[in-house]
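Close look at the chain arrangement
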Amino acid sequence: MKLIEQFFRDIDHEWKPGQEGKLTLFVIGSGALFLQTDYDRGTKDSDVLETPEISPDVSQRLRALAGRGSSLFKKYRFFLDIVRRPIPFLPQKPIFHDVPNLKALKNFTVQTLDIVDVVVSKLKPFRPKDVEDIEFLISKKLLPHDKLLERFRLVVDYYSMDARSEDFPKYVENLNKVERSMLFVPESKIELPDWIEGI
């Protein structure tokens, strides 16, 4: 069993449910890759996307149970971090998948962000570890170029009138780096809003 799977099993085992019933945890970032592939690298956090189910009270209890400094963090060197919905660079309707090995949990349903959507989200920070993650997926032939373009364009459309779209040229540049240096395909031309400076 993967270490991250045991981490979520222990969260489920130690969770004291209130009136909220069974909760869905939407795992994003590298944690989603660990749950869907044989990939493993050093990381400390497992990001969970904030949803209406995760109320401030639930969020506080989750952090107390499995957040930084908790006993589960000390055991696994993972900690649960609740990420606000507007922060990740994702399409309006991200794709999530069930985790077969975690279907028996009593208090939670764990779903992982689709691999391609994880990559799209990583084009925003594009840190060295994000590049490492993307290179692994490409080496395993898990990143179809056409699907990457499709999902990236959906994000651009979704955020086209948002103030954050001013950063789109940088994200396009990161996409083009992946195409040119990792996928070894021609760079794609991405149509951006005309009002963005520098276009």
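Residues numbered from 1 in each chain as written. Predicted model: local features only at pLDDT ≥ 70, side-chain atom pairs only at ≥ 80, totals over all residues. Heavy atoms only, no water.

**What to know about the pairing of strand β1 (residues 23-27)**
Extensive coverage of β1 is indicated by the burial of five of its five residues. Side chains Leu-23, Leu-25 and Val-27 project from β1 onto one buried face, and the interleaved Thr-24 and Phe-26 project onto a second face that is buried too. Two elements, β1 and strand β5 (residues 108-113), share five bridges in a ladder whose sense is parallel. Residue pairing in the sheet places Val-27 in a bridge with Thr-112 of β5. (Buried < 20%, exposed > 50% of the residue type's maximum accessible area, 1.4 Å probe, protein only. Helix = DSSP H or I, 4+ residues; strand = E, 2+ residues; numbered from the N terminus. Pairing = 2+ DSSP bridges.)

**Structural notes on the nonpolar core**
Counting 65 residues, the largest nonpolar core has Phe-7, Phe-8, Ile-11, Leu-62, Leu-148, Phe-152 and Val-178 as the members making the most contacts within it. In terms of residue count, the dominant contributor to this core is helix α8 (residues 168-183) (seven residues). If near-sequence neighbours (up to four positions away) are discounted, Val-178 is found in contact with Leu-123, Phe-126, Ile-134, Ile-138, Leu-148 and Leu-183. (Core = buried A, V, L, I, M, F, W, Y, C linked by side-chain atoms within 4.5 Å. Contact = heavy atoms within 4.5 Å.)

**Considering unusual backbone geometry**
A positive phi angle is found at Arg-77, which is not glycine, with a value near 65°. Position of Arg-77 among the secondary structure elements: in the loop between α4 (71-76) and β3 (79-83). With phi around 45°, Phe-126 is a residue other than glycine that occupies positive phi space. Following the sequence through the fold, Phe-126 ends up in the loop between α5 (115-122) and α6 (128-139). With relative accessibility at 15%, the residue Phe-126 sits in the buried group.

**Some points on α6**
Helix length check: α6, at 12 residues, gives a terminal C-alpha distance of 17 Å against a target of 16 Å (1.5 Å per residue), a fit within 8%. On its buried side, α6 packs onto α2 (29-36), α5 and α8. Just past α6, the residue Lys-141 takes up positive phi, approximately 60°. (Expected span 1.5 Å × (residues − 1).)

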